[in-house]
Amino acid sequence: MDERLSVAPVVPRFAAAIRQMAGVTAFYAGGSIGSGDYRPGISDLDLVAVIGAPLTRTRRDRLRSLHRTLGVAKLHCAYVSLPDISDVGRKHVNWAHERMFRRPLSGISRAELHQFGVTVYGPSPAELVPPVGRDELAGAARAELRGYWTGAVRRARVWRTDLHVDLGLTTVSRADVTIATGRLITKREAIDRLPSLGVPESLTAEIRRRRAGERVELTDPEVRARAVLVRGLMREQLTRLLG
C-alpha cells in the first residue's frame, strides 16, 4: 500500500468495500493525500472510483446506504464510468457533503490525479485519465472561480464565516498560480503566498492556524471587519483573474 494512505486508513477500506458493489476497475485518492498536505479531520478526502459501466439505480442505492453508514463527513467520491472518462463535460455520480448528485470530473481534479494521485488499485491515472493541457487547466481554474465565487462576492453575509474566508482566499491563490504557470499548488503553498495578493499577514496567520486545527476566536466587530476586507479582496482578485 502507498505510504501516503497511512494518514487516512479509511480510504483503502472504503475502496475495498465498493469494489464489487460498484464494479470498480481503478480507485484513486487525489487532492491533499497525494500532495502530502492532508490534515486529518480538516482536509477533504477527494476520491475517484473508475467504474466499468454507469451505475444502475440499485447500485446507486446501495452506495448511498454505504456512505451513510460510514458517516465519514469529509469523504467525497466521484464514480466515473470508464467509457465516458474522456468526456470532460459528462456528469458522473458523486457523493459529497452527505448527499449524492451528478457533476463532471473537473479539469482540476483530472490534473491533480496526474500530478500526485495515489493509486489504491488498478492501472495508474496516466493509463486511464486523459491528460490536461495547460490552456485547458487554466480554463478549468477560471471555471471554478466563475462557478461559485463570482456569485459569493455578491452576498455580504457569507464572508462572516471562516469557511468562506479560508476557502475563498486559498482558491484564488491556487488559481492565480495555475492560470499563470499551468502548475497546481497545495493549500499550504496557497496560504504562504496570500500576502502577495494583498492579504494582511495577521489574516494569513489566522488562516494558517485554522489549517493546523487551532481554534481562532474573534469578536463580532472583528468578524464584520474581516468580512468587508475579504469580500473586497475577492472581488479584486476575481476581476483580475477573469477579466
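Look up: the structure comes first, before these words.
The paragraphs below set out a description of the structure included in this document. Only a predicted model underlies this, so the values are computations on that prediction, with no experimental measurement involved. (Residues numbered from 1 in each chain as written. Predicted model: local features only at pLDDT ≥ 70, side-chain atom pairs only at ≥ 80, totals over all residues. Heavy atoms only, no water.)

### Re the overall build of the chain
(1) Moving on: If you tally the helices and strands in the chain, you get ten helices and six strands.
(2) Moving on: Expected size for 243 residues packed as a compact globule is a radius of gyration near 18 Å; at 19 Å, the chain falls within 12% of this value.
(3) Moving on: Its C-alpha atoms put the chain at 55 × 35 × 35 Å along the principal axes.
(4) Moving on: Put simply, the chain has 243 residues, and 46% of those count as buried.
(5) Moving on: Nonlocal contacts in the chain, meaning residues at least 24 apart in sequence, comprise 65% of its contacts between residues at least 6 apart.
(6) Moving on: When the accessible area of the chain is evaluated, it comes to approximately 12000 Å², of which 51% is carbon and sulfur surface.
(7) Moving on: Across the chain, the mean location of the 39 positive side-chain charges is 6 Å away from that of the 26 negative side-chain charges. (Helix = DSSP H or I, 4+ residues; strand = E, 2+ residues; numbered from the N terminus. Rg over C-alpha atoms; globule rule 2.2 N^0.38 Å. Buried < 20%, exposed > 50% of the residue type's maximum accessible area, 1.4 Å probe, protein only. Contact = heavy atoms within 4.5 Å. Areas by Shrake-Rupley, 256 points an atom, 1.4 Å probe, with all protein chains shown as cover. Lys, Arg positive; Asp, Glu negative; His and termini not counted. Charge placed at Lys NZ, Arg CZ, Asp CG, Glu CD.)

### Some details on the pattern of salt bridges
(1) Moving on: Applying the stated criterion across every chain, the model contains 19 salt bridges.
(2) Moving on: In this structure, Asp84 engages Arg90 in a salt bridge whose closest nitrogen and oxygen atoms are separated by 3.1 Å.
(3) Moving on: Using a relative accessible area of 36% as the deciding quantity, one classes Arg90 as partly exposed.
(4) Moving on: Note that Asp176 and Arg240 form a salt bridge whose closest N and O atoms lie 3.1 Å from each other. (Salt bridge = Lys/Arg side-chain N within 4 Å of Asp/Glu carboxyl O.)

### Points about the sheet that holds strand E4 (residues 91-96)
(1) Moving on: What the six strands build is an open sheet, ordered E5-E4-E3-E2-E1-E6; its pairing is mixed. The strands lining the two open edges of the sheet, one partner per strand, are strand E5 (99-104) and strand E6 (118-121). The sheet shows a mean angle of 25 degrees between the axes of neighbouring strands, taken without regard to direction.
(2) Moving on: With five bridges joining them, strand E1 (residues 24-29) and strand E2 (residues 45-51) adopt antiparallel strand pairing. Each bridged residue has a counterpart across the sheet, and for Val24 the counterpart in E2 is Ile51.
(3) Moving on: Strands in contact with helix H1 (residues 10-19) are E1, E2, strand E3 (75-81) and E6; relative to E1, the strand with the most contacts, it is inclined by about 165 degrees. (Pairing = 2+ DSSP bridges. Axes fitted to C-alpha atoms, helices over the stretch in contact; angles between N-to-C directions.)

### Things to note about the side chain of His164
(1) Moving on: Assignment of secondary structure puts His164 in helix H7 (residues 162-181).
(2) Moving on: Accessibility expressed as a relative area gives 12% for His164, which makes it buried.
(3) Moving on: Setting aside anything within four residues of it in sequence, one finds His164 in contact with Tyr148, Trp149, Val158, Trp159 and Leu169.

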